[in-house]
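Analysis of the macromolecular model
Read off the chains here:
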Amino acid sequence: MGDRWQVVVDRSVCIGSGMCVAVSPDGFRLDSARQSHPVAPETDAAEGVLAAAEGCPVEAITLTAAGSGEAVFPPQE
């Protein structure tokens, strides 16, 4: 079994730019209020989901390793 990630969008930070949906349409959706949310709260590790998190203009997306909770993005320093 491959790595799995927990995907969280901080809706208090999200500005609804849609960048995440453009980069990872299978990973994110915008609701009627133009707030992003993950399609699934846990997903297989995927470059598109990581690229969406990295490209979020307000860093509203957090990825952690499912099970361990280890930070994937943003990385802990």
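Residues numbered from 1 in each chain as written. Predicted model: local features only at pLDDT ≥ 70, side-chain atom pairs only at ≥ 80, totals over all residues. Heavy atoms only, no water.

Another point: the overall build of the protein. Helices and strands together make up the secondary structure of the protein, namely 2 helices and 6 strands. From first element to last, N terminus to C terminus, the protein shows the α and β order β-α-β-β-β-α-β-β. Relative to the compact-globule value of 11 Å for 77 residues, the protein shows a C-alpha radius of gyration of 11 Å, a close match. In terms of its C-alpha atoms, the protein occupies a principal-axis envelope of roughly 35 × 25 × 15 Å. When contacts within the protein are restricted to residue pairs at least 6 apart in sequence, those whose partners lie at least 24 apart make up 56%. About 4700 Å² of surface is accessible on the protein, with carbon and sulfur atoms providing 51% of the total. Here the protein carries 4 positive and 11 negative side-chain charges, and the mean point of each set is 13 Å from the other. (Helix = DSSP H or I, 4+ residues; strand = E, 2+ residues; numbered from the N terminus. Rg over C-alpha atoms; globule rule 2.2 N^0.38 Å. Contact = heavy atoms within 4.5 Å. Areas by Shrake-Rupley, 256 points an atom, 1.4 Å probe, with all protein chains shown as cover. Lys, Arg positive; Asp, Glu negative; His and termini not counted. Charge placed at Lys NZ, Arg CZ, Asp CG, Glu CD.)

Looking now at helix H2 (residues 47-55). Listing the buried residues of H2 in full gives Val49, Leu50, Ala52 and Ala53. Viewed end-on, H2 has its buried residues packed into an arc of 160°, placing them on one side of the element. (Buried < 20%, exposed > 50% of the residue type's maximum accessible area, 1.4 Å probe, protein only. Arc of directions from axis to C-beta.)

This paragraph deals with the side chain of serine 36. Following the sequence through the fold, serine 36 ends up in strand E3 (residues 36-38). Its relative accessible area of 2% is what places serine 36 among the buried residues. Residues in contact with serine 36, not counting those within four places in the same chain, are Val9, Arg11, Cys14, Cys20, Phe28, Arg29 and Leu30.

In short, geometric facts, not functional conclusions.
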